[in-house]
Amino acid sequence: MHTALVTLARATRCAIKAGMSSVLPPPQRHALSDGTLIYSFPVRVFGTFLANIYVLRRGEYAALIDTGSGTEQSNADLLSGFAALSEFGEKLEWAELSRVVITHGHIDHHGGLDFVRTLTAAPVAVHELDHPVLSAYRERIVLTSRALRAFLHEAGVDTPGVTAFMNMYGAGKTRFVGGPVETELRHGDVLDGVLRVIHTPGHCPGQICLRVGEVLLSADQVLARTTPHLSAESITPGNGLSHYLHSLDLLDAEEGIALTLAGHEEPVHDLHTRSAAIRASHIRKMERILNICVSPHSVQGVTAQLYPHVRSYDTLLALEKVGALAEYLNARGELQVANLAEMERDEHAAPLYQTA
Ligand SMILES: [Zn+2]
Ligand SMILES: [Zn+2]
């Protein structure tokens, strides 16, 4: 006999540090109809930006899903959040963890892994395409930095601008060391007989969603309020809108999901409605790009019109996103390059896109 999924939240967690007080949303416990428990609590990964940590419990089995960013604040929140699970009567100790799962190779999810490895010897699992992020991190950063630099030049950003963006990109990325990974995941695997792996590239090449009973752990594929960030496949193979939309299709085909627990923000109660809204948001953005490109524009020119008020790091994110959408439209012939002769003459000329 199945009972309905029950969610319980404990008292608000207060964190006081360096004279500043802030309040984190309280930990939650979701009781699935098969008896599996999923605890969740947020950690501050960068400034006030929060990421969610999950602890899945089924009998003696316990898996930690994601680790925060590895900053001092994030690690402190990880410890206090894990300790706060005792408020639910949970007696789990770090050393008793059976498994650590990294949903994808973004620093706000895997950056705390070095710290977690000092607390538990539990084997680490990650999708094969994000395995190198954990085991050869420096190589990933160097290769991605070079590709990002090339992308920014192609986007029409001048050399001082590229240097400024590259400094922003590199900030905070030297902390993580990484190391060997015990388990490589692929689409369709059922990790430890508990977590079914759905490979959802687009936001990150090796991103996975995890299905357990009536719950989907959606990583950064579906968020309650924000349209997940995308960057161009020209920067990282496996990223980009084409992969992302295909991944949404995979989730749309999942039936019986009562609750979606994401890498950030609140739970999603209607996955398919939220998925449709995210899809519609991309379509609206592409329609606006096609309108702007009635006259020729570089990716930077489109970004300046589409996001006139963004500054600093948000400008880099906006350029990456417009780059991803322009790449998608160009690959489908809806945007064409208007300055081919100039590009043939000058290897540094950025493509100017025009609506076909
Ligand atoms: Zn991410
Ligand atoms: Zn994230």
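Residues numbered from 1 in each chain as written. Chains lettered and ligands numbered in written order. Predicted model: local features only at pLDDT ≥ 70, side-chain atom pairs only at ≥ 80, totals over all residues.

### Thoughts on the overall build of the protein chain
Then comes step 1: Looking only at helices and strands, one finds 11 helices and 17 strands in the protein chain.
Then comes step 2: A compact globule built from 356 residues should have a C-alpha radius of gyration of about 21 Å, and the protein chain, at 21 Å, falls within 12% of that.
Then comes step 3: Each principal axis of the C-alpha distribution contributes one length, and for the protein chain these read about 70 × 45 × 40 Å.
Then comes step 4: Burial status across the protein chain gives 43% buried among its 356 residues.
Then comes step 5: A sequence separation of at least 24 residues applies to 63% of the contacts in the protein chain between residues at least 6 apart. (Helix = DSSP H or I, 4+ residues; strand = E, 2+ residues; numbered from the N terminus. Rg over C-alpha atoms; globule rule 2.2 N^0.38 Å. Buried ≥ 20, exposed ≤ 12 C-beta atoms within 10 Å, placed from the backbone. Contact = placed C-beta atoms within 7 Å.)

### What about the environment of Leu85?
Then comes step 1: Considering the arrangement of structural elements, one finds Leu85 in the loop between helix H1 (72-83) and strand S8 (99-101).
Then comes step 2: Put simply, Leu85 and Gln28 are 57 residues apart on the chain and 8.6 Å apart in space, counted from C-alpha to C-alpha.
Then comes step 3: If we skip the residues at most four places from it in the chain, Leu85 touches Pro27, Tyr39, Val55, Glu90 and Leu92.

### Examining the sheet that holds strand S10 (residues 183-185)
Backbone hydrogen bonds hold the strands of a sheet together, and the pairing may be parallel or antiparallel.
Then comes step 1: Strand order in the open sheet formed by eight strands is S1-S4-S5-S6-S7-S8-S9-S10, with mixed pairing between adjacent strands. If you trace the sheet from one side to the other, it starts and ends with strand S1 (6-9) and S10, each paired once. Geometrically, the sheet is characterised by an average inter-axis angle of 25° between neighbouring strands, direction not taken into account.
Then comes step 2: Looking at chain direction, strand S5 (residues 37-46) and strand S6 (residues 49-58) are connected through nine bridges and run antiparallel. Directly across from Leu37, in S6, lies its bridge partner Arg57.
Then comes step 3: With respect to the sheet, H1 is in contact with S5 and S6, its orientation differing from that of S5 by roughly 160°. (Pairing = 2+ DSSP bridges. Axes fitted to C-alpha atoms, helices over the stretch in contact; angles between N-to-C directions.)

### So, the confidence of the model for the protein chain
Then comes step 1: Looking at the protein chain, pLDDT values average 94 and 96% of them are 70 or higher.
Then comes step 2: Predicted confidence is poor over residues 16-21, with pLDDT under 50, and the contacts of this stretch with residues over four places away or in other chains come to two contacts. (pLDDT = per-residue confidence, 0-100.)

### Things to note about helix H7 (residues 241-252)
For the α-helix, the turn length of 3.6 residues means that residues three or four positions removed from each other point alike.
Then comes step 1: The first and last C-alpha atoms of H7 sit 16 Å apart over 12 residues, in line with the 16 Å expected at 1.5 Å per residue.
Then comes step 2: If you check which residues of H7 are buried, you get Leu241, His243, Tyr244, Ser247, Leu248 and Leu251. Buried residues of H7, seen end-on, are gathered within an arc of 160° and therefore sit on one face of the element. For H7, the exposed residues lying more than 90 degrees away from the buried face are His246 and Asp249.
Then comes step 3: Here the buried face of H7 lies against strand S13 (208-212), helix H8 (271-292) and helix H10 (312-331). (Expected span 1.5 Å × (residues − 1). Arc of directions from axis to C-beta.)

### With respect to the sheet that holds S13
Then comes step 1: The five strands lie next to each other as S11-S12-S13-S14-S15, forming an open sheet whose pairing is mixed. The two strands at the open ends of the sheet, each matched to only one other strand, are strand S11 (190-191) and strand S15 (259-262).

### Side note on helix H9 (residues 299-306)
Then comes step 1: Among all positions of H9, only Val299, Gln300, Val302 and Thr303 are buried. Angularly, the buried residues of H9 cover 160° about the axis, an arc narrow enough to put them on a single face.
Then comes step 2: Among the structural elements, helix H5 (137-155), H8 and H10 are those in contact with the buried residues of H9.

### Some remarks on the packing of helix H6 (residues 159-170) against H10
Then comes step 1: Here H6 crosses H10 at 100°, and the two axes come no closer than 10 Å. Looking at the two axes, H6 sits roughly perpendicular to H10. Residue-level contacts link Phe165, Met168 and Tyr169 of H6 to Ser312, Tyr313 and Leu316 of H10. (Parallel < 35°, antiparallel > 145°, perpendicular 65-115°, else oblique.)

### So, the environment of Pro205
Then comes step 1: By the element assignment, Pro205 lies in the loop between strand S12 (195-199) and S13.
Then comes step 2: For Pro205, a count of 22 C-beta atoms within 10 Å puts it in the buried group.
Then comes step 3: Taking the C-alpha atoms as reference, Pro205 lies 7.5 Å from Thr236; in sequence the two are 31 residues apart.
Then comes step 4: Here Pro205 is in contact with Leu129, Asp130, Thr236, Pro237, Gly238 and Asn239, once residues within four sequence places are set aside.

### Things to note about the nonpolar core
Then comes step 1: With 82 residues, the main nonpolar core has Tyr54, Leu56, Cys209, Leu217, Val322, Leu325 and Ala326 as its most contacted residues.
Then comes step 2: Among the elements that line this core, the one with the most residues is H10, at nine residues.
Then comes step 3: With near-sequence residues (within four places) excluded, Tyr54 lies in contact with Ile38, Tyr39, Ser40, Ile65, Asp66, Leu217 and Leu261. (Core = buried A, V, L, I, M, F, W, Y, C linked by C-beta atoms within 7 Å.)

### What about unusual backbone geometry?
Then comes step 1: Look at Ala219: it is not a glycine, yet its phi comes out positive at around 50°.
Then comes step 2: Examined against the element boundaries, Ala219 turns out to sit in strand S14 (residues 215-219).
Then comes step 3: Overall, the presence of 28 C-beta atoms within 10 Å leaves Ala219 in the buried class.
Then comes step 4: Positive phi, close to 65°, is recorded for Glu265, a residue that is not glycine.
Then comes step 5: Structurally, Glu265 is set in the loop between S15 and H8.
Then comes step 6: A residue is classified by how many C-beta atoms lie within 10 Å of it, and Glu265, with 16 of them, is partly exposed.

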